Amino acid sequence: AKSEAPTTGAATTGDTVWIGHIGSLSGNDAVFGQSTDNGTKLAVEEQNKKNGIKGKKVMLKTLDDQGKPEEAAVAATRLITQDKVSVLLGEVASTRSLAMASIADSNHIPMVSSGSTNPRVTKDGDKTRPYVFRICFLDNFAGTVMAKFVTENLKLTKVAILRDVGNDYSMGLAQFFRETFQKRGGEIVAEQSFKSGEQDFKAQLTAIKGKNPELIYVPGYYAEVSLIARQARELGMKQPLAGGDGWDSAKLYEVAKGALDGSYFSTHYSGDDPSPTVQDFITRYKAIYNTPPDTLAVLGYDAAKVAMDAMDRATELSGPAIRDALEKTKDFKGVSGNVTIDADHNPIKSAVIMTIEQNKAKYTATVQP
Ligand code: PHE
């Protein structure tokens, strides 16, 4: 792609360069934003120890969007126009990344999402968004991975879906799962909806119970999924649940208290991975935060590293030049896997399947694309 003249941003002067991060430091899914910010900070600190970016010190400004798409949009505009950041990191939630994407594009400031897996984040209709990138796999892949696991490994054919209509990620993942599951001969015996922030799911679960599925696919975030699991058990439902990366948080187990034992989810990373890259990262992270990194700490770290690597390689620290360098990212060795950015601004990465046992996630399988 060709560079055009920078509009805003590119205000990097003197000895510093600014990076903006937007995340849910508070709100319904606060663990996502907090973990991502911890990973991001560690990446920036390590970069500054290695002479920063083009010899300039990297400065990080994080804004809390409280888990609200409107706030994510306001934060993006503010970081670009007032703080003059050269790059935006974020968001985790696809719904919030979608609220930021056109702002990054129209201001010619690259945005790198750590965890937003909905296809539309980097694609507007059939057009790749020029300034938006991600470092994680997409939901068409995650949905297919779980549908195959359910049919091939678990050999189940009757499944119910319970999805979050207030969450673009959840709606997309439900659709991708359904498509592959049905193609493989599976039957969706019930489909029910809820909305992020709700706490009572008994009506939907009762309707699902009446259809007697062998498994319930719940592509949601940990806050709702943990309550859904507990309420299902209270209703006497014994079926396993299955889901995606939105489950992946220590808070899931705190609330579920064993209600998810025997359930499965797909995600980006497992701390059980014995590779030195992963184990070294866990050691460095623990030394600072006193707790092992979760998936979003890892993805936040990798997103920041990929962005800074591109900034360092860019011909200058302008939005268009950094964008061009991001497009050339090849075989970047991340903790969550290698990142090569394709023509649609996405990497191709493997997924892991985790099984919940004794209220803990256990690594079960790696699925290559
Ligand atoms: N993939 C989710 C989304 O797009 C966000 C997420 C990523 C949640 C990784 C947990 C772990 O909304």
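What counts and how
- Residues numbered from 1 in each chain as written.
- Predicted model: local features only at pLDDT ≥ 70, side-chain atom pairs only at ≥ 80, totals over all residues.
- Heavy atoms only, no water.
- Helix = DSSP H or I, 4+ residues; strand = E, 2+ residues; numbered from the N terminus.
- Rg over C-alpha atoms; globule rule 2.2 N^0.38 Å.
- Buried < 20%, exposed > 50% of the residue type's maximum accessible area, 1.4 Å probe, protein only.
- Contact = heavy atoms within 4.5 Å.
- Lys, Arg positive; Asp, Glu negative; His and termini not counted.
- Charge placed at Lys NZ, Arg CZ, Asp CG, Glu CD.
- Core = buried A, V, L, I, M, F, W, Y, C linked by side-chain atoms within 4.5 Å.
- Axes fitted to C-alpha atoms, helices over the stretch in contact; angles between N-to-C directions.
- Parallel < 35°, antiparallel > 145°, perpendicular 65-115°, else oblique.
- Near = heavy atom within 4 Å.
- Polar contact = N/O pair within 3.5 Å; in protein donor to acceptor, adjacent residues only side chain to side chain.
- Nonpolar A, V, L, I, M, F, W, Y, C, P; charged D, E, K, R; others polar.
- Salt bridge = Lys/Arg side-chain N within 4 Å of Asp/Glu carboxyl O.
- Pairing = 2+ DSSP bridges.
- Right-handed = clockwise from strand over helix to strand, strands pointing away.
- Expected span 1.5 Å × (residues − 1).
- Arc of directions from axis to C-beta.
- Left-handed = near helix turned anticlockwise from the far one by under 90°.

**Student:** Before we move on, can you summarise the overall build of the chain with the specific residues and values?
**Tutor:** What the chain contains, in helices and strands, is 11 helices and 16 strands. Radius of gyration (C-alpha) of the chain: 20 Å, near the 21 Å computed for a compact globule of 369 residues. With the C-alpha coordinates of the chain rotated into their principal frame, the extents come out at 65 × 45 × 35 Å. By residue count, 56% of the 369 residues in the chain fall in the buried class. Contacts spanning at least 24 positions in sequence make up 68% of the contacts within the chain whose residues lie at least 6 apart. With 44 positive and 45 negative side-chain charges, the chain shows a separation of 1 Å between the mean positions of the two kinds.

**Student:** Give a detailed account of the nonpolar core, specifying residues and quantitative values.
**Tutor:** In terms of nonpolar packing, the biggest core is built from 94 residues, with Met146, Phe177 and Leu260 touching the most fellow members. Of the residues forming this core, the biggest block, 12 residues, is contributed by helix 10 (residues 295–313). The contacts of Met146, once residues within four sequence positions are left out, are Phe177, Tyr217, Ala242, Gly243, Tyr264, Phe265, Ser266 and Ile353. If you look at the next biggest cluster of nonpolar residues, it comprises 19 residues, including Ala72, Ala73, Leu98 and Ile109.

**Student:** Can you explain the packing of helix 1 (residues 30–49) against helix 9 (residues 276–289)? Please cite residues and give values.
**Tutor:** Axis angle and axis distance: for two packed helices, these are the angle between their axes and the distance between the axes, and together they describe the pair. The N-to-C vectors of helix 1 and helix 9 enclose an angle of 105°; their axes lie 11 Å apart at closest approach. Considering the angle they form, helix 1 stands roughly perpendicular to helix 9. Touching Ser35, Asn38, Gly39, Lys41, Leu42, Glu45 and Glu46 of helix 1 are Phe281, Arg284, Tyr285, Ile288 and Tyr289, all from helix 9.

**Student:** Go over the site of the ligand with me, naming the residues and quoting the values.
**Tutor:** Taken together, 13 residues are adjacent to the ligand, and Ser94, Gly115, Thr117, Tyr221 and Asp245 come closest. A distance of 2.8 Å separates a nitrogen atom of the ligand from a polar backbone atom of Gly115. For the ligand, an oxygen atom lies 2.6 Å from a polar atom in the side chain of Tyr221. Partitioned by chemical class, the residues of the shell around the ligand number six nonpolar, six polar and one charged.

**Student:** Account for the pattern of salt bridges, with residues named and values stated.
**Tutor:** On inspection of all chains with the given rule, the structure shows 18 salt bridges. Here Arg96 and Asp65 are joined by a salt bridge, their closest N and O atoms 3.7 Å apart. Taken together, the residues span a long stretch of sequence, with Arg96 in helix 3 (residues 94–107) and Asp65 in the loop between strand 2 (57–64) and helix 2 (69–81) at a distance of 31 residues. As far as the burial class goes, Arg96 and Asp65 line up, both buried. The shortest N-O distance in the salt bridge between Arg163 and Glu191 comes to 3.5 Å.

**Student:** Got a sec to walk through the side chain of Ser249? Specific residues and values, please.
**Tutor:** Residue placement: Ser249 occurs in the loop between strand 11 (241–243) and helix 8 (250–256). Setting aside anything within four residues of it in sequence, one finds Ser249 in contact with Val31 and Tyr222.

**Student:** Help me get a handle on the sheet that holds strand 11, residues and values and all.
**Tutor:** Taking strand neighbours across the sheet as the criterion, the seven strands line up as 9-8-10-11-12-15-16 in an open arrangement whose pairing is mixed. Strands with a single pairing partner mark the edges of an open sheet, and in this sheet they are strand 9 (187–194) and strand 16 (360–367). Pairs of neighbouring strands in the sheet enclose a mean axial angle of 25°, with direction left out of account. Pairing geometry for strand 8 (residues 158–164) and strand 10 (residues 215–217), over three bridges, is parallel. Counterpart to Val159 in the pairing with strand 10 is Leu215. Contacting strand 8, strand 10, strand 11, strand 12 (264–267), strand 15 (351–357) and strand 16, helix 4 (residues 139–153) crosses the sheet at an angle of about 145° to strand 12. In the packing of helix 6 (residues 202–209) onto the sheet, the strands contacted are strand 8, strand 9 and strand 10, and the crossing angle to strand 9 comes to about 170°.

**Student:** Would you mind going over the pairing of strand 9 in detail, with residue names and values included?
**Tutor:** For a regular strand, side-chain orientation follows a simple rule: the groups alternate between the two sheet faces. Taken together, the seven bridges between strand 8 and strand 9 define a ladder with parallel strand orientation. The partner of Leu162 across the bridge, within strand 9, is Gln192. Remark: the strand 8/helix 5 (residues 168–183)/strand 9 crossover connection has right-handed handedness.

**Student:** So, helix 2: which residues are in play, and what are the values?
**Tutor:** Between the first and last C-alpha of helix 2 there are 19 Å, a value that for 13 residues agrees with the 18 Å anticipated at 1.5 Å per step. Along helix 2, the residues classified as buried are Ala72, Ala73, Ala75, Ala76, Leu79 and Ile80. Take helix 2 and look down its axis: the buried residues cluster within an arc of 165°, on one side only. The elements touched by buried residues of helix 2 are strand 1 (16–23), strand 2, strand 3 (87–89) and helix 3.

**Student:** If you had to explain the side chain of Ser114 to someone new, which residues and values would you point to?
**Tutor:** In this fold, Ser114 is placed in the loop between strand 4 (111–113) and strand 5 (123–124). Once you skip the residues sitting within four places of it in the chain, Ser114 turns out to touch Thr36, Glu91, Val92, Ile135, Cys136, Leu299, Gly300 and Ala303.

**Student:** Residue-level account of the packing of helix 10 against helix 11 (residues 319–327), with values.
**Tutor:** Between helix 10 and helix 11, the shortest axis-to-axis distance is 8 Å and the interhelical angle comes to 115°. One way to sum up the angle between helix 10 and helix 11 is to call them roughly perpendicular. When you trace helix 10 past helix 11, the crossing you get is right-handed. Contacts between helix 10 and helix 11 involve Val306, Ala307, Ala310, Met311 and Arg313 from the former and Ile322, Ala325 and Leu326 from the latter. The residue inventory of the contact of helix 10 with helix 11, partitioned by class, reads seven nonpolar, no polar and one charged.

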